[in-house]
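One letter stands for each residue in the lines below.
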Amino acid sequence: MKKQLFLGALTVTGIVCVCGCGKSTSDNKGEEKGKPETEPITVEKSEYHNPITGFGKDGTLRYGGDPAAMVDGDVVYLYTGHDTASNESYVIPEWQCYSSRDMKEWTYEGVILSCKDITWADNNSAWAAQTVKHYSTAEGKDKYYFYFCSWDSTSEGKQSIGVAVSDSPTGPFQDIGHPLVKGTVTTNESSGWNDIDPTAWVETDENGEEHRYLGWGNGKYYICELNEDMISVKDLDGDGAITFGKDILEKTPPESYTEAPWFYRRQDENGNYYGDYYLFYAYGWREQMAYATTDDLINGEWKFGGIIMEPSATSNTNHMSVIDFQGKTYFIYHNGSLEKGSGFRRVACVEEISIQENGEISYIPETAAGPFGTATVIKSKSGQIISHKAFHNSSDDGVYPYLSLDVGPELSKEEADGLWVLVPGKTDTKNENYVSIVSYNKPGLYITGLNKLVKLSQNAHGNLIDAQTFKTVKGLSGDGVSFESVAEPGMYITTTDTSVMKMTDGSDKDACTFYLTNK
């Protein structure tokens with residue numbers, strides 16, 4: 001299981017106290033004259049934080065995007081593709097699964113389907129998918145249906161929608177042997193990848209009739225109904241043939257629809273669906289998140305609801321799933337916040353959301369803390385809040401990755417820009433005296449000390465692990481905490497006369513001393 005390390009510090013009236021780990025260690029004795037003698041201490045780190053995935057059975061780094069969640073009883077199953085690219089391209093050979101009983105602790109369940117086992121699919125295109133549980137009357141038991149998309153050798157090389165079936169939510173899943181919807185069927189295509197990103201929805205209407213909907217599309221938006229077997233398209237007009245325009249429908253998408261559709265509907269306290277249907281989707285480029293509503297999935301028109309998440313600070317794409325679990329609604333999405341992360345090496349994150357009584361959805365900030373993490377305020381000796389400069393994530397691909405943003409006292413008046421999430425140090429996550437400091441509202445961007453500079457940076461190239469790790473020592477001025485660089489031992493995060501912080505040798509002890517408060 002994945003559980004963030006909890007390094008026990010004391011919290012008194014909201015102030016995070018730092019406590020010594022015994023006497024000063026011998027490796028700091030005998031330092032040259034004028035250098036500060038330091039005493040390692042621990043500080044409280046966030047027990048839980050984003051991302052929630054990104055690891056395999058042995059805990060090693062394992063990327064995966066396009067998260068699709070399914071609630072089955074008291075367990076959430078989360079499916080992603082497995083990103084394996086070393087450069088900026090899609091290399092996704094298989095789909096994998098994680099599970100959780102509380103949305104905090106996540107277990108890697110393994111690979112549930114590989115492209116190499118799908119006769120018509122490309123070996124490295126395990127694109128977005130969704131799993132649905134449904135009772136099979138033919139077999140007299142519940143089955144799990146995994147709707148996916150991949151490049152299709154049987155459809156002029158276009159993308160197609162497929163389906164695989166399993167007796168277990170953790171697989172293995174078996175492809176039915178052919179695409180469910182071929183890319184050559186939707187004949188008005190504008191590209192070879194119009195037929196991607198399936199989303200499914202099953203419910204019984206007021207007349208007791210069950211409907212099984214399948215929607216999908218990039219640039220285009222398609223929808224159809226499925227037969228009770230869940231692996232074939234329903235003949236809506238009863239003419240004995242499955243026809244594009246009659247049984248497989250192209251509908252007008254909502255404003256700036258790009259891809260990544262996801263169906264959702266609210267439930268009351270008894271689990272009954274009510275109100276409009278929601279379509280969550282990727283909006284424009286770089287992809288923001290947005291939603292629209294309708295009162296009828298087949299015949300209704302989508303009414304634009306609004307943009308609810310800005311482009312990620314670390315990924316050019318985004319893809320969500322929205323679920324209700326244990327009385328709360330969760331928005332699960334991806335970014336590139338792990339080492340070397342990007343839109344081609346992604347990882348799943350989660351936020352809790354609320355839907356207002358009138359159906360509107362409030363803006364959802366992308367955060368490093370997620371629903372269960374702890375945000376921390378860092379103040380200088382003089383009481384100034386350490387923040388990063390306020391900015392909105394750009395829609396211009398050319399400005400990414402963010403590698404050198406200013407950090408310093410009072411750089412922003414926005415509260416979120418002065419919040420940080422303290423996590424185990426990247427260099428050695430088991431060393432209780434190591435810490436890494438990630439921006440609360442720009443997950444994946446860390447305080448980085450290198451070449452006497454302190455900047456906010458993504459570790460986009462994988463070369464900043466030590467520079468983004470700090471040894472926590474008793475504040476050089478006698479209390480509080482100081483942050484000593486692991487990349488450059490003997491150098492400390494330091495406030496200066498300007499608004500920008502630097503790395504110094506600690507000679508100005510007050511300027512190297514900070515105080516932490518949990519928010």
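Residues numbered from 1 in each chain as written. Predicted model: local features only at pLDDT ≥ 70, side-chain atom pairs only at ≥ 80, totals over all residues. Heavy atoms only, no water.

(A) Spatial organisation of the packing of aromatic side chains. Counting across every chain of the model gives 29 aromatic pairs. Taken together, the aromatic side chains of Tyr-79, Trp-95, Trp-120, Phe-146, Phe-148 and Phe-173 make up a single cluster linked through ring pairs. Note that Arg-265 overlies the ring of Tyr-277, its terminal NZ or CZ placed 4.4 Å from the centroid. The ring of Tyr-446 carries Lys-426 above its face, with NZ or CZ at 3.6 Å from the centroid. (Phe/Tyr/Trp six-rings, centres within 6.5 Å; stacked < 30°, edge-to-face > 60°. Lys NZ or Arg CZ within 6 Å of the ring centre and 35° of its normal.)

(B) How the structure looks around the sheet that holds strand β18 (residues 273-283). Read from one edge of the open sheet, four strands run β17-β18-β19-β20, paired in antiparallel fashion. Since the sheet does not close on itself, it has two edges, and those belong to β17 (257-267) and β20 (303-309), each with one partner. With strand direction ignored, the average angle separating the axes of adjacent strands in the sheet is 25°. As paired elements, β17 and β18 share eight bridges and run antiparallel to each other. Note on β18: the bridge partner recorded for Glu-259 is Ala-282. (Pairing = 2+ DSSP bridges. Helix = DSSP H or I, 4+ residues; strand = E, 2+ residues; numbered from the N terminus. Axes fitted to C-alpha atoms, helices over the stretch in contact; angles between N-to-C directions.)

(C) Spotlight on the confidence of the model for the protein chain. Predicted confidence across the protein chain gives a mean pLDDT of 93, with 93% of residues reaching 70 or more. The low-confidence segment residues 1-32 (pLDDT under 50) makes 80 contacts with residues lying over four places distant or belonging to another chain. (pLDDT = per-residue confidence, 0-100. Contact = heavy atoms within 4.5 Å.)

(D) Quick look at the nonpolar core. Ranked by size, the top nonpolar core spans 40 residues in total, and within it Trp-95, Leu-113, Phe-146, Tyr-147, Phe-148 and Leu-214 carry the most contacts. Listed by contribution, the elements that provide at least two residues to this core are β6 (75-81), β7 (94-100), β8 (107-114), β9 (129-136), β10 (141-151), β11 (159-166), β14 (210-216) and β15 (222-225). The greatest single-element share of this core, amounting to six residues, is contributed by β10. One finds Ile-386, Met-491, Met-503 and Phe-514 within the second-largest nonpolar core, a separate group that totals 25 residues. (Core = buried A, V, L, I, M, F, W, Y, C linked by side-chain atoms within 4.5 Å. Buried < 20%, exposed > 50% of the residue type's maximum accessible area, 1.4 Å probe, protein only.)

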